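The lines below spell out each chain.
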Amino acid sequence: MKRKLFVPITITLASLLLIGLLIYSIQRHIAGRNFESVNDALSSIIEIQAYAFYNGCLSNNQTYNLVIQGEFAEANALVQKATDSFSLIDLAEIVEGKPPSDSFDIIMDGELLRIECPIRNDDKTAIVPNMIGVAIIQAQRLLNTVSAKDFRIDLAHGRKTTYGIPISANFTGNRLWDSIIIALLTGFVAIFIFQHFYRNANTFLDTRGLESIIYLFEQTERISASHSRNVAMLALFVGKNLGFRGKRLKDLYIAALLHDIGKIGIPNNILTKNGKLDPCEFVQMRQHPAISARILRSFKEFERLSPIVLYHHEREDGSGYPEGLTGRDIPFESKIIAVVDVFEALIGERPYRDPICPLSAFQKMRSMPLDQKIVSLLMDHYGELDGFRPPRWALSYSPWMLTS
Ligand SMILES: [Fe+2]
């Protein structure tokens, strides 16, 4: 088995076991509650049968006298005739035995329930010694009248009722539905686990890959790397103030973090040049958004972000690059990155000029072909930036933040 399948399969099997145990526990709980009501019903029926057998067949002068006189055949015939109307009693007879001290004794004999009663006269002042009346009832028949569906006689493992009948919950009727429910629940759990596992695995692999590139990027060009980190935080700040949430906010953050990653493909002497770029160098420099987009396209998890980084140097009036898009044609996230990119560049240190203060930067940006609504939003909320705390997930995509 491939190692990467081991964890999700193990978790799925464990889930299957847990779901099975859960259903079994629920059934046990229901069966436990049902047991009490079945036990009450069984006890009532047994007592009714026993009292009826005792009072109707064995507690009268006629039977008493016949037994006392040794006329057992006649006495038995009398008792059997009297029990004909007792549909649950299979056999009734007078036999030798020690009379119970009370009205009856109930004894389980295999699957047979044996009711033993004393033989008395009408006013119950006299009792026949060493003889008893016995009625036999099949326990399963008795149970069938109460609950044939939910319980069965189980001599080996059954739970004993008040009168000693061992019964077990009867799950066979629900087995098909149980299996369907377990299969469906396990299917859902398996899909969830596999999706979650592979999504995490992909994200992990992609993130590791990107972290390697970012690390390399940081090592080769420190200003761009710290610039990207600042741009990412500013984009996150603007995105939150624009109402971005969840995946959209995370996408914006990652795109901002990686928007200049394409500079890794630009010669270092151009990136760090202390002065204006010549036309040839400028052409090379303008290729970095396309390289950034190409790098992101090579990571499945982040390929959807490639248009955002591709157009982060486009401008509202079409004066940007690489395609000279205007206004509505520029992705909104690219516009956000464009604004915070320019702002960060203006207030940040550069080899070829001194930084300017945020207020001056905003004034400058007012005359630039940037999305002025985003500029205004950044300006209006800029005072809140110091107190801004990034979401926890931002850290996992920002290897520098852990060490800075
Ligand atoms: Fe850029």
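Everything below is about the structure printed above this text.
All figures in this text were calculated on a predicted structure; none of them were measured in a lab.

Caption draft 1: The overall build of the chain, seen in detail. Along the backbone of the chain there are 16 helices and seven strands. Taking all 404 residues of the chain together, the buried fraction comes to 43%. A separation of at least 24 residues holds for 65% of the contacts in the chain among residues at least 6 apart in sequence. Put simply, the chain shows about 21,900 Å² of open surface, and 56% of that area lies on carbon and sulfur atoms.

Caption draft 2: Quick look at the pairing of strand β7 (residues 166-169). Judged by which residues are buried, β7 turns out to be covered on both faces: Pro 166 and Ser 168 on one side and Ile 167 and Ala 169 on the other are all buried. Across three bridges, strand β5 (residues 151-153) lies against β7 in antiparallel orientation. Within the sheet, the bridge partner assigned to Ile 153 lies in β7 and is Ile 167. For strand β6 (residues 159-160) and β7, the ladder comprises two bridges, and the chain directions are antiparallel. Counterpart to Lys 160 in the pairing with β7 is Pro 166. As consecutive antiparallel partners, β6 and β7 are separated by five residues, and within that stretch Gly 164 has a phi angle of approximately 85°, a positive value.

Caption draft 3: A look at the environment of Pro 267. Among the secondary structure elements, Pro 267 is positioned in the loop between α7 (246-258) and α8 (268-271). Judged by its relative accessible area of 32%, Pro 267 falls in the partly exposed class. Sequence-wise, Pro 267 and Met 285 are 18 residues apart; in three dimensions their C-alpha atoms are separated by 8.8 Å.

Caption draft 4: Seen up close, the packing of α7 against helix α12 (residues 332-347). Close contact between α7 and α12 brings their axes to 10 Å; oriented N to C, the two are set at 50°. Of the possible angle classes, the one that applies to α7 and α12 is oblique. Here α7 runs over α12; the crossing is right-handed. On α12, the residues touching Arg 248, Leu 252, Ala 255 and Ala 256 of α7 are Phe 332, Glu 333, Ile 336 and Ile 337.

Caption draft 5: How the structure looks around the coordination of the iron ion. Every protein donor of the iron ion is listed here as Asp 260 (OD), His 288 (NE2), His 312 (NE2) and His 313 (NE2), and their distances to the metal cover 2.1 to 2.3 Å. Coordination at the iron ion comes from four donor atoms whose angles at the metal span 80 to 168°, giving a geometry best classed as irregular. Mapped onto the sequence, the residues coordinating the iron ion show the spacing D-x27-H-x23-H-H. Taken as a pair, His 288 in helix α10 (residues 288-297) and His 312 in the loop between α11 (306-310) and α12 lie far apart in primary sequence, 24 residues in all. Classification of His 312 by relative accessible area gives buried; the value is 0%.

Caption draft 6: Molecular detail of the sheet that holds β7. Overall, antiparallel pairing links the three strands, which are arranged β5-β7-β6 in an open sheet. Unpaired on one side and paired on the other, β5 and β6 mark the two borders of the sheet. Seen against the sheet, helix α4 (residues 139-147) touches β5 and β7 and runs at an angle of roughly 175° to β5.

Caption draft 7: Focus on α10. The buried fraction of α10 is high, at seven of 10 residues. Within α10, the full set of buried residues consists of His 288, Pro 289, Ile 291, Ser 292, Ala 293, Ile 295 and Leu 296.

Caption draft 8: The arrangement of the packing of aromatic side chains in detail. Counted under the stated rule, the structure contains seven aromatic pairs. Relative to Phe 104, the ring of Tyr 51 has its centre 5.0 Å away and its plane inclined at 85°; by these criteria the two rings are edge-to-face. Taken as a pair, Tyr 51 in helix α1 (residues 3-58) and Phe 104 in the loop between β1 (89-96) and β2 (105-109) lie far apart in primary sequence, 53 residues in all. Taken together, a centroid distance of 5.4 Å and an interplanar angle of 70° make the contact between Phe 237 and Phe 388 edge-to-face. With Phe 237 in helix α6 (residues 222-241) and Phe 388 in the loop between α14 (372-381) and α15 (393-396), this residue pair connects regions lying 151 residues apart in the sequence. Assigned by exposure class, Phe 237 and Phe 388 land together as buried. Clustering of aromatic rings is evident, with ring pairs tying together Phe 343, Phe 362 and Tyr 382. For Arg 159, the ring lying beneath its charged end belongs to Phe 35, and the centroid distance is 3.9 Å. One cation-aromatic arrangement involves Arg 248 over Phe 244; the distance from NZ or CZ to the ring centre is 4.0 Å.

Caption draft 9: Region of interest: the nonpolar core. Counting residues in each nonpolar core, the largest one holds 53 residues, and the members touching the most others are Tyr 253, Met 365 and Leu 378. In this structure, Val 38, Ala 135, Leu 142 and Ile 167 belong to the second largest nonpolar core, which totals 38 residues.

Caption draft 10: Spotlight on the sheet that holds strand β3 (residues 112-120). The four strands lie next to each other as β1-β4-β3-β2, forming an open sheet whose pairing is antiparallel. The two strands at the open ends of the sheet, each matched to only one other strand, are β1 and β2. Between one strand axis and the next, the sheet turns through 25° on average, direction left out of account. Inspection of the sheet shows β1 paired to strand β4 (residues 127-138) by seven bridges, in the antiparallel sense. Each residue of the ladder has a partner; that of Glu 93, found in β4, is Val 134. Against the sheet, helix α2 (residues 61-68) makes contact with β1, β3 and β4, and its axis sits at roughly 115° relative to β4, the strand it touches most. Contacts between helix α3 (residues 72-82) and the sheet are confined to β1 and β4, with β1 contributing the most and set at about 155° to the helix.

Caption draft 11: Layout of unusual backbone geometry. Cis geometry is found at the peptide bond from Tyr 321 to Pro 322, where omega equals 15°. Mapped onto the secondary structure, Pro 322 falls in the loop between α11 and α12. One non-glycine residue with positive phi stands out, namely Asn 130, at about 65°. Structurally, Asn 130 is set in strand β4.

So, how was this worked out
- Residues numbered from 1 in each chain as written.
- Predicted model: local features only at pLDDT ≥ 70, side-chain atom pairs only at ≥ 80, totals over all residues.
- Heavy atoms only, no water.
- Helix = DSSP H or I, 4+ residues; strand = E, 2+ residues; numbered from the N terminus.
- Buried < 20%, exposed > 50% of the residue type's maximum accessible area, 1.4 Å probe, protein only.
- Contact = heavy atoms within 4.5 Å.
- Areas by Shrake-Rupley, 256 points an atom, 1.4 Å probe, with all protein chains shown as cover.
- Pairing = 2+ DSSP bridges.
- Axes fitted to C-alpha atoms, helices over the stretch in contact; angles between N-to-C directions.
- Parallel < 35°, antiparallel > 145°, perpendicular 65-115°, else oblique.
- Left-handed = near helix turned anticlockwise from the far one by under 90°.
- Donors = N, O, S within 2.8 Å, 3.2 Å for Na, K, Ca; no water.
- Tetrahedral: all angles 85-135°; square planar, octahedral: opposite > 155°, others 65-115°.
- Phe/Tyr/Trp six-rings, centres within 6.5 Å; stacked < 30°, edge-to-face > 60°.
- Lys NZ or Arg CZ within 6 Å of the ring centre and 35° of its normal.
- Core = buried A, V, L, I, M, F, W, Y, C linked by side-chain atoms within 4.5 Å.

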